[in-house]
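Chain and residue survey
The residues making up each chain are set out below.
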Amino acid sequence: MTAMAVPLGWYLGLAAALFVIGLVGVLVRRSLIVMFMSIELMLNSVNLTFVAFSRFHGTLDGQVIAFFVMVVAAAEVTVGLAIIVNLFRLKASSDADDVDVLKA
Amino acid sequence: MTPLLAQTEAASGSAEFWVFIVIGAVALGSALSMVLLRNAVHAALMLVVNFFAIAVLYATLDAQFLAVAQIIVYAGAIVVLFLFVLMLLGVAGDQAFTGRIPGQKTTAVLLGLALFGVLAAGVVAPFLGEATACNIPMEQRVEAEGPVCEGLAVANAEGNVRGVGFLIFTDYVWAFEVTSVLLVIAAIGAIVLGKRREDPAELTDAPASAVPALRDDDAASEEDAADTAEPAPTGSGAEDDEEGTR
């Protein structure tokens, strides 16, 4: 396979940009659900980094790690959304600023 | 700048270059609009576009198994879960941005740009240049018309799924088993968290009228009974509606 591949740095740059967009989303948005989506975006950008490095090194270990990240993300979304539903039952709101006390 | 242009020229002959440019633009655009759109359902749909774009990038990076898993797990399951919760809570429209801290938006964007600068200088810059497409020693790479990128061709010789599966069930088998425990715990946790309390009206700060859909079945059935016991106001309301339409 003799192809002029795209340099690794370009993929890393794209992943860094996606990570930063997700980070700004978490910091700027107030809706808990949209903050959660931004976290998913950040997880995906890190996965992209893993896969890009996997090709760079010519081993599949990075892809396996990305697979495990996917599994953990799925578990995290399940529990996180259940917590958000519960919070909505308590506060009748999905706004992060309304959840500022630990006491129910 | 000049080396970057040279790289661009060198890489522009390949299909991967154009796929990267187009799909990278789609990924960036969908990510930005996900953060900027006020409607949460629109944001979730933009997230689907972003996940598909990343799946295409996985495919170009010789990670076919992950590309398909990305579409099934993320676009198929996780976003559906998001949309389901959005519909369940009915909080889709017009989500505010702000925050209580003054200047939060500006600070967040500045901090994000600073982080991007650090990442670009520290992580991205060392791996720019056509010599860094793969981690192959330079002497093996100089071939007929350009650098040879073996990449995962050797590791994927028997197929990507086979390679990944072999690694998962040999080197990473312990992590894989722990993962199954984690998924079970997450499923049980979600069920426990999702279980309704005996009387949600006592648990909520808001007045009961603010959360009519969240009251338990007894209260709802009582309300229904009250409504049916007094047919006069509902009947008059219907008549009013009819008059309104006339």
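Regarding its fold elements, chain A presents 3 helices and 0 strands. When the helices and strands of chain A are read in sequence order from the N terminus, they spell out α-α-α. Relative to a compact globule of 104 residues, whose C-alpha radius of gyration would be 13 Å, chain A shows 18 Å and is clearly more extended. The principal-axis extents of the C-alpha atoms in chain A amount to approximately 60 × 25 × 15 Å. Looking at chain A as a whole, 60% of its 104 residues qualify as buried.

Glancing now at the overall build of chain B. A tally of regular secondary structure across chain B gives 11 helices and 0 strands. The proportion of buried residues among the 246 residues of chain B is 25%.

So, about the domain arrangement of chain B. A common way to state how big an interface is: give the accessible area lost once the parts meet. According to the domain assignment, chain B consists of domain 1 (9-96), domain 2 (158-195) and domain 3 (208-245). Using only C-alpha atoms to locate each centre, domain 1 of chain B and domain 2 of chain B end up separated by 23 Å.

Right, let's talk about the packing of helix H3 (residues 61-91) of chain A against helix H8 (residues 173-194) of chain B for a bit. With their axes 9 Å apart at the nearest point, H3(A) and H8(B) run at an angle of 10° to one another. Relative to H8(B), the element H3(A) is oriented roughly parallel. Residues Phe68(A), Val71(A), Val72(A), Ala75(A), Thr78(A), Val79(A), Ala82(A), Ile83(A), Val85(A) and Asn86(A) of H3(A) form the contact with H8(B), whose own contacting residues are Ala175(B), Thr179(B), Leu182(B), Leu183(B), Ala186(B), Ala187(B), Gly189(B), Ala190(B), Leu193(B) and Gly194(B). A breakdown of the residues in the contact of H3(A) with H8(B) according to their chemical character gives 15 nonpolar, 5 polar and no charged.

This next bit is on the interface of chain B and chain A. Every contact between the two is made by 98 residues of chain B and, on the other side, 71 residues of chain A. Where the side of chain B that touches chain A is concerned, the elements lending two or more residues are helix H1 (2-11), helix H2 (15-36), helix H3 (40-60), helix H4 (64-89), helix H5 (104-124), helix H7 (160-168), H8 and helix H9 (200-203) of chain B. Counting residues per element, the side of chain B that touches chain A draws most heavily on H4(B), which supplies 11 residues. Considered class by class, the residues forming the side of chain B that touches chain A number 71 nonpolar, 19 polar and 8 charged.

Before going further, it helps to examine the environment of Ala16(A). All names here are of chain A. Inspection of the secondary structure assignment puts Ala-16 in helix H1 (residues 8-28). For Ala-16, a count of 23 C-beta atoms within 10 Å corresponds to the buried category. Once the C-alpha coordinates of Ala-16 and Met-42 are considered, the two residues, 26 residues apart in sequence, prove to be 9.0 Å apart.

This paragraph deals with the nonpolar core. One recurring pattern in soluble globular proteins: nonpolar side chains tend to sit buried together. The biggest cluster of nonpolar side chains holds 81 residues, and the ones touching the most others in it are Ile33(A) and Met37(A). Elements with a minimum of two residues in this core: H1, helix H2 (32-57) and H3 of chain A together with H2, H3, H4, H7 and H8 of chain B. Ranked by the residues each element gives to this core, the list is headed by H1(A), at 15 residues. Residues within four places of Met37(A) in sequence aside, it is in contact with Met34(B), Ala43(B), Ala44(B), Leu47(B) and Phe82(B).

On to the packing of H1(A) against H2(A), then. Geometry of a packed helix pair, given as the angle between the helix axes and the separation of the axes. Residue and element names in this part refer to chain A. Viewed as axis vectors pointing N to C, H1 and H2 meet at an angle of 165°, and their least axial separation amounts to 8 Å. Between H1 and H2, the angle is such that the two are roughly antiparallel. Seen from above, H1 lies across H2 with left-handed handedness. A class-by-class count of the residues in the contact of H1 with H2 yields 18 nonpolar, 6 polar and no charged.

Between its terminal C-alpha atoms H3(B) stretches 30 Å, which fits the 30 Å expected from 21 residues at 1.5 Å a residue. Note on H3(B): the residue one or two positions beyond its end, Asp62(B), has a positive phi of about 65°.

With that out of the way, let us pick up the confidence of the model for chain A. Per-residue pLDDT for chain A has a mean of 87; in total, 94% of the residues score no lower than 70. Per-residue pLDDT, averaged within each element of chain A, yields its smallest value for H3(A) (91) and its largest for H1(A) (93).

A word on the confidence of the model for chain B. Residues and elements named next belong to chain B. Per-residue pLDDT for chain B averages 76, and the proportion of residues at 70 or more is 63%. For chain B, helix H11 (residues 231-245) is the element with the lowest average pLDDT, namely 41, and H3 is the one with the highest, namely 94. Note on residues 218-246: pLDDT under 50 across the span, and 3 contacts to partners over four residues away in sequence or across chains. Across the predicted assembly, pTM comes out at 0.78 and ipTM at 0.91.

Let us now look at unusual backbone geometry. Of note, the phi angle at Asp62(B) is positive, near 65°, even though the residue is not glycine. Its location among the elements puts Asp62(B) in the loop between H3 and H4.

Basis of the calculations
Residues numbered from 1 in each chain as written. Chains lettered and ligands numbered in written order. Predicted model: local features only at pLDDT ≥ 70, side-chain atom pairs only at ≥ 80, totals over all residues. Helix = DSSP H or I, 4+ residues; strand = E, 2+ residues; numbered from the N terminus. Rg over C-alpha atoms; globule rule 2.2 N^0.38 Å. Buried ≥ 20, exposed ≤ 12 C-beta atoms within 10 Å, placed from the backbone. Domains from an automatic or database assignment. Axes fitted to C-alpha atoms, helices over the stretch in contact; angles between N-to-C directions. Parallel < 35°, antiparallel > 145°, perpendicular 65-115°, else oblique. Contact = placed C-beta atoms within 7 Å. Nonpolar A, V, L, I, M, F, W, Y, C, P; charged D, E, K, R; others polar. Core = buried A, V, L, I, M, F, W, Y, C linked by C-beta atoms within 7 Å. Left-handed = near helix turned anticlockwise from the far one by under 90°. Expected span 1.5 Å × (residues − 1). pLDDT = per-residue confidence, 0-100.

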